[in-house]
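Single-letter residue listing:
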Amino acid sequence: MAQTDVIVIGAGPAGLSAATALARLGVAVTVLDREAVAGGIPRHCNHPPYGLREFRRLMRGPAYAQRLVAEAKAAGVTIRTQTTVTFLHPGGRIDVTSPEGVETLAARAVLLATGVRETSRAARLIGGEKPGGVMSTGALQGIVHLNGQRPFQRPVILGTELVAFSALLTCRHAGIKPVAMIEPARRITARSPAIWLARLMGVPVLLEATVDAIHGRTRVEGVQIDRRGTLQDMATDGVIVSGGFRPEATLLRLSHLEVDPGSGGPVIDLWGRLSDPAYFAAGNLLRGVETAGWCWAEGRRVARAIHAALLGQLPAPEVARLRLGSDAVRLALPQVLPIDRPKPSPADSGAADGLQLRLNRPAKGRLRLMQDGVCLMDRRIDSLPERRITLPLPALRSASDVTLTLEER
Ligand SMILES: Cc1cc2nc3c(=O)[nH]c(=O)nc-3n(C[C@H](O)[C@H](O)[C@H](O)COP(=O)(O)OP(=O)(O)OC[C@H]3O[C@@H](n4cnc5c(N)ncnc54)[C@H](O)[C@@H]3O)c2cc1C
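Since the model is a prediction, treat every value here as computed from it, not as a measurement.

Conventions we followed
- Residues numbered from 1 in each chain as written.
- Predicted model: local features only at pLDDT ≥ 70, side-chain atom pairs only at ≥ 80, totals over all residues.
- Heavy atoms only, no water.
- 1 Å grid on protein atoms, 1.4 Å probe; cavity = no way out; pocket = protein on both sides within 12 Å on 5 of 7 lines; lining within 4 Å.
- Points joined across faces, edges and corners; volume = space filled by probe spheres on them.
- Helix = DSSP H or I, 4+ residues; strand = E, 2+ residues; numbered from the N terminus.
- Nonpolar A, V, L, I, M, F, W, Y, C, P; charged D, E, K, R; others polar.
- Domains from an automatic or database assignment.
- Pairing = 2+ DSSP bridges.
- Axes fitted to C-alpha atoms, helices over the stretch in contact; angles between N-to-C directions.
- Parallel < 35°, antiparallel > 145°, perpendicular 65-115°, else oblique.
- Left-handed = near helix turned anticlockwise from the far one by under 90°.
- Contact = heavy atoms within 4.5 Å.
- Buried area = accessible area lost by both parts, 1.4 Å probe.
- Salt bridge = Lys/Arg side-chain N within 4 Å of Asp/Glu carboxyl O.
- Buried < 20%, exposed > 50% of the residue type's maximum accessible area, 1.4 Å probe, protein only.
- Lys, Arg positive; Asp, Glu negative; His and termini not counted.
- Polar contact = N/O pair within 3.5 Å; in protein donor to acceptor, adjacent residues only side chain to side chain.
- Core = buried A, V, L, I, M, F, W, Y, C linked by side-chain atoms within 4.5 Å.

1. Here's the deal with the layout of surface pockets
Logical step 1: Of the pockets and cavities examined, the second largest pocket occupies roughly 610 Å³.
Logical step 2: Lining the second largest pocket are 25 residues, with R124, E183, P184, S242 and G244 positioned closest to its centre.
Logical step 3: Ranked by the residues each element gives to the lining of the second largest pocket, the list is headed by strand β13 (residues 209-215), at three residues.
Logical step 4: Its residues assigned to classes, the lining of the second largest pocket comprises eleven nonpolar, eight polar and six charged.
Logical step 5: Residue assignment places the lining of the second largest pocket across two domains, with domain 2 (120-243) and domain 3 (317-408) each supplying three or more.

2. Quick notes on the sheet that holds strand β15 (residues 230-235)
Logical step 1: The strand order across the open sheet formed by four strands is β8-β13-β14-β15, and the pairing between neighbours is mixed. Edge positions in the sheet fall to β8 (127-128) and β15, since each of these pairs with one other strand and no more.
Logical step 2: Across two bridges, the pairing between β8 and β13 is parallel. Residue pairing across strands places G127 opposite A213, the latter belonging to β13.

3. Structural notes on the packing of helix α1 (residues 13-24) against helix α8 (residues 292-310)
Logical step 1: Remark: α1 packs on α8, axes separated minimally by 7 Å, with the N-to-C direction vectors making an angle of 40 degrees. On the basis of their axis angle, the class for α1 and α8 is oblique. Two packed elements cross with a definite hand, and for α1 against α8 that hand is right-handed. When α1 is examined against α8, the residues P13, A14, S17, A18, A21 and L22 are found in contact with a partner set consisting of A292, C295, W296, G299, R300, A303, I306 and H307.
Logical step 2: For the contact of α1 with α8, a count of residues per class yields ten nonpolar, three polar and one charged.

4. Some thoughts on the domain arrangement of the protein
For an interface, size is often stated in terms of accessible area lost upon the parts coming together.
Logical step 1: For the protein, the domain assignment lists domain 1 (1-118 + 245-316), domain 2 (120-243) and domain 3 (317-408).
Logical step 2: Using only C-alpha atoms to locate each centre, domain 1 and domain 2 end up separated by 31 Å.
Logical step 3: Listed by partner, the interface residues are ten residues for domain 1 and 17 residues for domain 2.
Logical step 4: Each partner contributes to the roughly 1,000 Å² buried at the junction of domain 1 and domain 2, and carbon and sulfur atoms together form 58% of this total.
Logical step 5: When the buried surface of domain 1 facing domain 2 is broken down by residue, H44, H47 and E118 rank first, second and third, together holding 58% of it.
Logical step 6: Where domain 1 touches domain 2, the interface holds zero salt bridges.

5. Side note on the pattern of salt bridges
Pairing between side chains of opposite charge can happen when the charged atoms of each approach one another.
Logical step 1: Taken as a whole, this structure holds 22 salt bridges when the rule is applied.
Logical step 2: For E290, the salt bridge identified is with R388, shortest N-O distance 2.6 Å. Here E290, found in the loop between β18 (279-281) and α8, pairs with R388, found in the loop between β24 (374-383) and β25 (389-392); they are 98 residues apart in sequence, far enough to count as distant.
Logical step 3: By relative accessible area, E290 is classed as buried at 11%.
Logical step 4: Judged by its relative accessible area of 36%, R388 is partly exposed.
Logical step 5: Shared partners join several salt bridges into a network, and the residues in it are R366, R368, D378, E407 and R409.

6. Quick notes on the side chain of E183
Logical step 1: Tracing the backbone shows E183 in the loop between β11 (180-182) and α6 (195-200).
Logical step 2: This buried residue, E183, is left without a salt bridge; R124 holds the nearest opposite charge, at 8.6 Å.
Logical step 3: Of the polar contacts made by the side chain of E183, one reaches the side chain of T189; its length is 3.4 Å.

7. As for the nonpolar core
Logical step 1: If you look at the biggest cluster of nonpolar residues, it comprises 64 residues, and the most contacted ones within it are V6 and I306.
Logical step 2: When residues of this core are assigned to domains, at least three fall in each of domain 1 (1-118 + 245-316) and domain 3 (317-408).
Logical step 3: Excluding its chain neighbours within four sequence positions, the residues that come into contact with I306 are V6, L22, A109, L111 and F280.

Below you can see the structure in the form of C-alpha cells.
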C-alpha cells in the first residue's frame, strides 16, 4: 500500500494552498482530484474577482486556478487527476479509483477539501414538467467555458447570492440575456452593490418571489412565479438554479467521521481536525460557499495545524462542544472548542481565530453564547442566509456545552 505524509482530497483553492504550504515545510504531499484538470471551481468561472488576497491581482478564475496549480507543482506537490476517492477508513487509509484501477492509499494525515455542491431543482421542490434547460450555475459555467456552448438565450436566475451574480456575468460573457433574477426575500442576499450589475445589464430583480413550476415539453418554455401571493407566467427558455450550497460530503457520510447535522459538513476543532485525528478539513466543505480567497487562507492555516500534528505538537486539550439553540442558525464552526486558548499565537499553531456562522433564513436580533448560565458574548446581527458572520473566540469557563442562542426582534 502506497504511503505518504499527507494526502489532500480536492484540488481547489483550499486543497492546493494547503498542499503548497505543507510542501514548502518539507512535507511529502499528494493531491487527488476526480476531475481531469486540477483547480476546482475557479477553472470554469471565467470572470474576476479572484486572486486579490492571494496574489494582489484581479484575476479570472481559470488563470487563478492555473497559478495555484503551478505554485503547488513548483513546491514539489504530486497532483493526481482523474482520481476519485471512494472511501475513508480510520487512521488515514483511503480507497481511490483512477484509470490505473482501484487502490488503497495511506497517509499520516488526510485533508478533506472537496468543496460544495448547489442544491438541485428536485431538492428545492419546484413543480411542473421536467424539460431540458434547467441547471446550476456550476453546470452553466462548465457548458459555457469548458464546452463553448450556449444552452439558452433568455433564462431566469433563481437566487441573488454572490454566485447568482456569477451566473449573470457568465450569461453576459456568453451573450445570454436573462429575463429576471428571482429572490424569495425582501432584499438581495449578496451585498447591495451587486444589484447594480443586474441594473447595468437591464435584468429585473423580482423580490419576494418564488418559482412554483417550470413548464415545457422538451425545452423550458416558461415558469410560474408566485409574487406576494399573486401568480404570473413568465416566458423563458432556461432556469439557472443558483446557490443553496451544501458541502460535498458524500465521503464523510459514508465514513466513521462525525458529521454536523446543521452544516452537513464535518465536525471540526479549532485546528480543522476531525473526530478521527488523522483527518482534517478546510474550504467550502465546512460550510457552504465562501470566496476562493477565504478558502485559500483557510487551507494555508490548516496546513500549519497538520504540520504541527505530524511533529506531535498539536494540543489535545480538554474541550467543550458548541451547540445551536436557535433554528435560525444553520451552522457554527468550529463545533469543538478548547478550554485553554491556543498558545503560542493562533497564527503559529494553525488554529482558527474566530467562530463562523451561517443562517437558515433572514434574521435579526441578539446572538448570545451561553455557558453554565453565564453569557460569554452578546452581539447584534441583521443578516441573510449564505452571508458570512464571524465572532471572536469566547474565553470558556469549563468543558460544559456552549450554546448559541438568537433572540429575534
Ligand atoms: C459558480 C461559482 C462562482 C464563483 N465565483 C467566485 C468569484 O468570482 N470569486 C471568488 O473569490 N469566489 C467565487 N466562488 C467561490 C470559489 O470558487 C470557491 O469558494 C472555491 O473554489 C472553494 O474552494 P475549495 O477548495 O473549498 O473547493 P472547490 O473549488 O469546489 O474544489 C473541490 C475539489 O474537490 C474535488 N473532489 C470532490 N470530491 C472528490 C472526491 N471524492 N475525490 C476526488 N476529488 C474530489 C472536486 O473535483 C473539486 O476539484 C464561486 C463559486 C461558484 C460555485
